[in-house]
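Descriptive analysis of the structure
Listed here are the chains, written in short residue letters.
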Amino acid sequence: MNKLSIDDLKKVKGKRIFLRVDFNVPLDANQNITDNTRIKAALPTIRNLIKRGARLILVSHMGRPEGKRDESFSLKPVAEELERLLDQHVSFSPDVLGPIAQSAIDCLKDGDCLLMENIRFYPEESANDPQFAKEMASMVDLYVNDAFGAAHRAHASTVGVSKYFENAACGYLMKKELEFLSKLVGNPPRPFYSIIGGGKIKDKIKLVSRLIEISDKVIVGGGMAYTFLKVKGFSIGKSVFDNDSLKIVQDTIELADKLKKELLLPIDHVVAKEFNDECTFMAVERNIPDDYIGLDIGPKTIEMYKNALKGAQTIFWNGPMGVFELKNFQRGTFEVASEVSKSDGITVVGGGDSVEAINRIGMAGAMSHISTGGGASLEFLEGHKLPGIEALADQ
Ligand code: AMP
């Protein structure tokens, strides 16, 4: 997928650039940023354009303020964090349109950086309102999108504004995401193994089918494994499962059989009677006793999964193997994370929780690519066209 990138924009000095970034970072109750990964991921693009003398107008969403101004979703703390990371002043505009925004843009000098308030304070953003997009486009000279995490949404800032620019380009983060994810769905070095975990089977079951098609082996862990095990006739006690997904899970198992692809499921579990760290926990074999909940893959499964990853030339991992937020149930996730990090092949990790697990064991640097765009990467891998990418110019 060869989209125009910022390297193809030859004249950026003095130009006002609308740079769509994904600064949708988590905040605690005191408005402190608890994980700045997404801000850091946009730095290479921001730094490059600053160095080349562009005048940056950064636009992002945060959370779901539902088209209303809500200070708890303000990007002000992000401006401060960005200023710290860039070690240069970042100005902030409380409006994205109108006289305040215009004067903030007019004050920019070459190499300056301005962050606009949360674009989702405006209902026109999610509605992809043409007038709103046109007005924003009229305030700038160039359009760059580096918000891969928002590329699956056809919003004003991801699609509407881009239409006014023949040379709408991607930033380095978007470029890297496209490069790695295209490789996974294109022609990855084989064998290619996928690991999928996490809690929400409804959100990910389509991806499991797709991974069965494109990879050579699929390893399933986390909460979603229990719906598979139930369909296969095992007792799952009080573990999470999704009654509505039984049929699609059955179809997925049949797809793996038909394509002769290995679909690995846990052979033992770490269980407890309650969802907390205080409760007694233990390892059990495949069938879970009636009043227990499966909260992590068991030691035999860990060994099996680690062996199953040996020799991989490509690994894609999305979703934890257990409730890794609780210390009694984090071993499966951390051991799998560590095995992935040892691979000599291409390693792509996607999904906030798996990324957090990798960060917690300090292995982020050992991965070929960490995808910051949860929903967008899943849709891309499922084979959907992402509107935010389609809107960019081809090289
Ligand atoms: P997802 O966003 O789908 O990747 O899900 C991540 C969440 O799945 C994490 O918060 C985990 O605690 C949760 N999870 C992982 N394993 C289990 C499990 N066995 N039972 C319930 N939730 C789980």
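Shown above is the structure to which this text applies.
Here we summarise the structure given alongside this text. Here the structure is a predicted model, which is why all the values come from computation and not from measurement.

1. Some details on the overall build of the chain
Across its full length, the chain carries 15 helices and 15 strands. For the chain, the spread of C-alpha atoms along the three principal axes comes to 65 × 45 × 35 Å. Relative to its 395 residues, the chain shows a buried fraction of 56%. Taking the intrachain contacts of the chain between residues at least 6 apart in sequence as the baseline, contacts between residues at least 24 apart amount to 74%. Counting every atom, the chain has about 16,600 Å² of accessible surface; 49% of that belongs to carbon and sulfur.

2. A few points about the site of the ligand
Looking at the ligand, there are 17 residues lining it, with Gly199, Lys200, Lys204, Gly294 and Glu325 nearest. Here an oxygen atom of the ligand sits 2.9 Å away from a polar atom, N or O, in the main chain of Gly199. The separation between an oxygen atom of the ligand and a polar side-chain atom of Lys204 is 2.8 Å. For the ligand, whose unbound accessible area comes to 500 Å², protein coverage reaches 85%. A class-by-class count of the residues in the shell around the ligand yields 6 nonpolar, 7 polar and 4 charged.

3. As for the pattern of salt bridges
Applying the stated criterion across every chain, the model contains 22 salt bridges. We note a salt bridge from Arg84 to Glu81, for which the minimum N-O separation is 2.9 Å. Of the two residues, Arg84 and Glu81 are both situated in helix α2 (residues 76–86); the distance of 3 residues between them amounts to about one turn of the helix. The class for Arg84 is exposed, based on a relative accessible area of 54%. What makes Glu81 buried here is its relative accessible area of 14%. For Asp242, the salt bridge goes to Lys202, with nearest N and O atoms at 3.7 Å. Taken together, the residues span a long stretch of sequence, with Asp242 in the loop between α9 (225–231) and α10 (246–258) and Lys202 in helix α8 (residues 201–214) at a distance of 40 residues. Here Asp242 falls in the buried class, since its relative accessible area comes to 12%. Taken together, the shared-partner salt bridges in this structure form one network comprising Glu303, Lys306, Arg331 and Glu335.

Conventions we followed
Residues numbered from 1 in each chain as written. Predicted model: local features only at pLDDT ≥ 70, side-chain atom pairs only at ≥ 80, totals over all residues. Heavy atoms only, no water. Helix = DSSP H or I, 4+ residues; strand = E, 2+ residues; numbered from the N terminus. Buried < 20%, exposed > 50% of the residue type's maximum accessible area, 1.4 Å probe, protein only. Contact = heavy atoms within 4.5 Å. Areas by Shrake-Rupley, 256 points an atom, 1.4 Å probe, with all protein chains shown as cover. Near = heavy atom within 4 Å. Polar contact = N/O pair within 3.5 Å; in protein donor to acceptor, adjacent residues only side chain to side chain. Nonpolar A, V, L, I, M, F, W, Y, C, P; charged D, E, K, R; others polar. Salt bridge = Lys/Arg side-chain N within 4 Å of Asp/Glu carboxyl O.

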